[in-house]
Amino acid sequence: MSKKNKFSVVIVGAGPVGLVGALRLSMLGIDVLIVDKASHGSNDLRASTFHPPTLEMLDQLQVFQKLSDLGIRCPTWQIRLHETGESATFDLSILKTETEYPYRLQAEQSKLCEIIRQELLAKAVPFWQSCEVVAIEQTSSQVTLVSYLQGEKTLIEADFVLACDGAHSALRSCTKLSFEGITYPETTIVATTNTRFEDYLPSLASINYTWSNFGTYTLLRLPDRWRVSLHIDQGETIETAIQPSTIESKLQRIYNKGSAYVVFESRAYTIHKKLLNNFQEGRVLFAGDSAHLTSPSGGMGMNGGIHDVWYACTLLNQVYQKQSLTPLQSYTAHRRPIVEYAILAQADENRKRMNLLDPIARVHELKRLQDIAHDKVACKKFLMKTSMLEAFNQRL
């Protein structure tokens, strides 16, 4: 085969985590190949929230403005009571002394992926699609990936591998690493619609987590539509919940608009809380969903994965500069505690809060959150944590 088969770093997985890693390494002057088992990029419903630390990284990659132009900057977010419209509103502008990006950016992750794909194409970074890795072989000096490229067995050699191949990571399954945790009992249905909820629900922010008598729901605004997360009703099957008629009924409960909703896309997904015991196996480093899975409440999963790969790239750059493997010793030691305590634990706390069923407990919790939102010191501390800035500041 005519393709070059030896690279400094091979990145497996072409989602936002892998693509950010590829672009960063190429900008650092490190020879990189990105491979993905899919034949084309995915546009399905996935993450859509970018937190301030991630925006800083994207700016350093010179892609922030392009993504910002395709998204919505959201300086506030809310926790609401559906029946009364009462809310605790958190204003991220209080973080303006801590970051140049005191807001969340709402944009589909597929848009970031396409932007970076074009950047990689312009830099002539090799990108092999329809390339499935089935085995790993390691020596003290290199990694060999056994893969099938468009059906043909291909051996790819690398100094290092970044495993960014997602929740069902093939590379993780090739190791003896332990990936333990729990699967939450609930299933979430995500749907998008062009109905302008801001015209019907008073004082609605662009990011909302809402309690209601019929359960909970989340509204996230995108440039041309709203993304709605809906929970399955008690006794309802996933097969029933994903039906268009059921989604229609659940949307009408949020706002009875007197006509049918236009639903562009919908997807059911199971929620996990899982963590790899070690983010490194020899010369293979794991990042994103291949290393940890978390509740989407708070939008930390994709962001945390991007932070993983950013740190991994920093360490790999040091390895090449110092001609020493020593920098890699800090990868798991640094990232795993942050993921465990600042991402998984925070997302779990968010989930538990939104799963409150007792109406009195909800009112008390809303009052507590309102008190935090109105206290500048407490609000800043709360937002430093929930915006991932506190964890981000624990960097090199």
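The paragraphs below set out a description of the structure included in this document.

1. Comments concerning unusual backbone geometry
(1) Moving on: A positive phi angle, close to 60°, is found at A124, a residue other than glycine.
(2) Moving on: Tracing the sequence through the fold places A124 in the loop between α4 (109-122) and β8 (127-128).
(3) Moving on: A relative accessible area of 62% places A124 in the exposed class.
(4) Moving on: Positive phi outside glycine occurs at Q323, with the angle close to 55°.

2. Re the pairing of strand β6 (residues 87-91)
(1) Moving on: Burial along β6 is one-sided: the residues A88 and F90 are buried and none of S87, T89 and D91 is.
(2) Moving on: Note: strand β5 (residues 76-81) against β6, five bridges, orientation antiparallel. Looking at β6, one finds that R80 is bridged to S87.
(3) Moving on: Hairpin connection between β5 and β6: a loop of five residues separates the two successive antiparallel strands, and G85 in this loop has a positive phi of roughly 80°.

3. Details of the pattern of salt bridges
Proximity of charged atoms lets side chains of opposite charge pair with each other.
(1) Moving on: Going through the model one piece at a time under the given rule, you end up with 19 salt bridges.
(2) Moving on: Between E236 and K250 there is a salt bridge, and its shortest N-O distance comes to 2.9 Å. Of this pair, E236 sits in the loop between β15 (225-231) and α6 (238-241) while K250 sits in helix α7 (residues 244-254); the two residues are 14 residues apart in sequence, bridging distant segments of the chain.
(3) Moving on: Shared partners join several salt bridges into a network, and the residues in it are R196, E198, D199 and R221.

4. So, the packing of aromatic side chains
Aromatic ring pairs are described here by two measures, namely the spacing of the ring centres and the angle between the planes.
(1) Moving on: The tally for this structure, following the rule as stated, stands at 13 aromatic pairs.
(2) Moving on: Taking the centre distance of 5.9 Å and the plane angle of 85° together, the rings of W77 and Y209 count as edge-to-face. In this pair, W77 sits in strand β5 while Y209 sits in strand β13 (residues 207-212), placing the two residues 132 residues apart along the sequence. Each of the two residues, W77 as well as Y209, counts as buried.
(3) Moving on: A centroid spacing of 4.3 Å and a plane angle of 5° characterise the contact between Y200 and Y255, whose relative ring orientation is stacked. Of the two residues, Y200 sits in the loop between β12 (179-193) and β13 while Y255 sits in the loop between α7 and β16 (263-276), which places them 55 residues apart along the sequence.
(4) Moving on: Taking the relative accessible area as the measure of exposure, Y200 reaches 36% and is therefore partly exposed.
(5) Moving on: For Y255, a relative accessible area of 26% gives the class partly exposed.
(6) Moving on: Directly above the ring of F264 sits R225, whose terminal nitrogen or CZ lies 4.0 Å from the centroid.

5. Some thoughts on the layout of surface pockets
Where empty space is left in the structure can be found by rolling a water-sized probe over the atoms.
(1) Moving on: Quantified by volume, the second largest pocket comes out at close to 290 Å³.
(2) Moving on: E186, T187, F214, G215, T216, H231, I232, D233, Q234, M354, N355 and L357 together form the lining of the second largest pocket.
(3) Moving on: Among the secondary structure elements, those contributing two or more residues to the lining of the second largest pocket are β12 and β14 (215-222).
(4) Moving on: Residues that form the lining of the second largest pocket fall into these classes: four nonpolar, six polar and two charged.

6. Concerning the sheet that holds strand β4 (residues 72-74)
(1) Moving on: Strands sit in the order β3-β7-β4 across an open sheet of three strands; the sheet is antiparallel. Each end of this open sheet is capped by a strand with a single partner; those strands are β3 (49-50) and β4.

7. Let's talk about the packing of helix α8 (residues 301-322) against helix α9 (residues 330-354)
(1) Moving on: Put simply, α8 and α9 touch, their axes get as near as 10 Å, and they point 165° apart. The angle between α8 and α9 falls in the class roughly antiparallel. Of the two elements, α8 crosses α9, and the hand of that crossing is right-handed. Residues G304, H307, D308, Y311, A312 and L315 of α8 form the contact with α9, whose participating residues are S330, Y331, H334, R335, V339 and I343.

8. Digging into empty space enclosed by the protein
(1) Moving on: What the rule picks out here adds up to two cavities of 30 Å³ or more.
(2) Moving on: Each pocket or cavity is described by its volume, and for the largest cavity that value is around 80 Å³.
(3) Moving on: Residue contributions to the lining of the largest cavity peak at four residues, all from α9.
(4) Moving on: Broken down by class, the residue content of the lining of the largest cavity amounts to three nonpolar, five polar and two charged.
(5) Moving on: Approximately 50 Å³ is the volume found for the second largest cavity.
(6) Moving on: Lining the second largest cavity, in full, are F214, G215, T216, Y217, L230, H231, K250 and R253.
(7) Moving on: Among the elements that line the lining of the second largest cavity, the one with the most residues is β14, at three residues.

The rules behind the values
- For every chain, the first residue of the written sequence is number 1, and numbering continues from 1 onward in sequence order.
- In view of the model being predicted, local features appear only for residues whose pLDDT reaches at least 70, and side-chain atom pairs are presented and counted only at 80 or more, with totals across whole chains, interfaces and linings using the full set of residues.
- The side-chain figures draw on all heavy atoms in the structure; neither hydrogens nor water molecules are used.
- Helix numbers and strand numbers start at the N terminus; a helix is a DSSP run of H or I with at least 4 residues, a strand a run of E with at least 2.
- We call a residue buried when its accessible area falls under 20% of the maximum for its residue type, exposed when it is over 50%, and partly exposed in between, using a 1.4 Å probe and counting protein chains only.
- Two strands are said to pair when DSSP picks up at least two bridges between them.
- A pairing counts as a salt bridge when a side-chain nitrogen of Lys or Arg comes within 4 Å of a carboxyl oxygen of Asp or Glu.
- Aromatic contacts are taken between Phe, Tyr and Trp rings whose centres are within 6.5 Å, Trp giving its six-membered ring; a plane angle under 30 degrees counts as stacked, one over 60 as edge-to-face, and the others as tilted.
- Only lysine NZ and arginine CZ atoms are considered, and such an atom sits over a ring when it is within 6 Å of the ring centre and within 35 degrees of the ring normal.
- Both site types are read off a 1 Å grid over the protein atoms alone. A 1.4 Å probe that fits but cannot get out defines a cavity, while an open set with protein on both sides within 12 Å along at least five of seven lines defines a pocket; lining residues have an atom within 4 Å of a point.
- Grid points are joined across faces, edges and corners, and a volume is the space filled by probe spheres set on the points.
- Think of it as three bins: nonpolar holds Ala, Val, Leu, Ile, Met, Phe, Trp, Tyr, Cys and Pro, charged holds Asp, Glu, Lys and Arg, and polar takes everything else, Gly as well.
- Fitting a line to C-alpha atoms yields each axis, with helices limited to the stretch in contact; the angle taken between N-to-C directions then spans 0 to 180 degrees.
- Angle categories: roughly parallel below 35 degrees, roughly antiparallel above 145, roughly perpendicular from 65 to 115, and oblique for all the rest.
- Here a crossing is taken to be left-handed if its near helix is turned anticlockwise relative to the far helix by less than a right angle, and right-handed if that turn runs clockwise.
- Contacts are residue-level and defined by heavy atoms, with any inter-residue pair within 4.5 Å sufficient.

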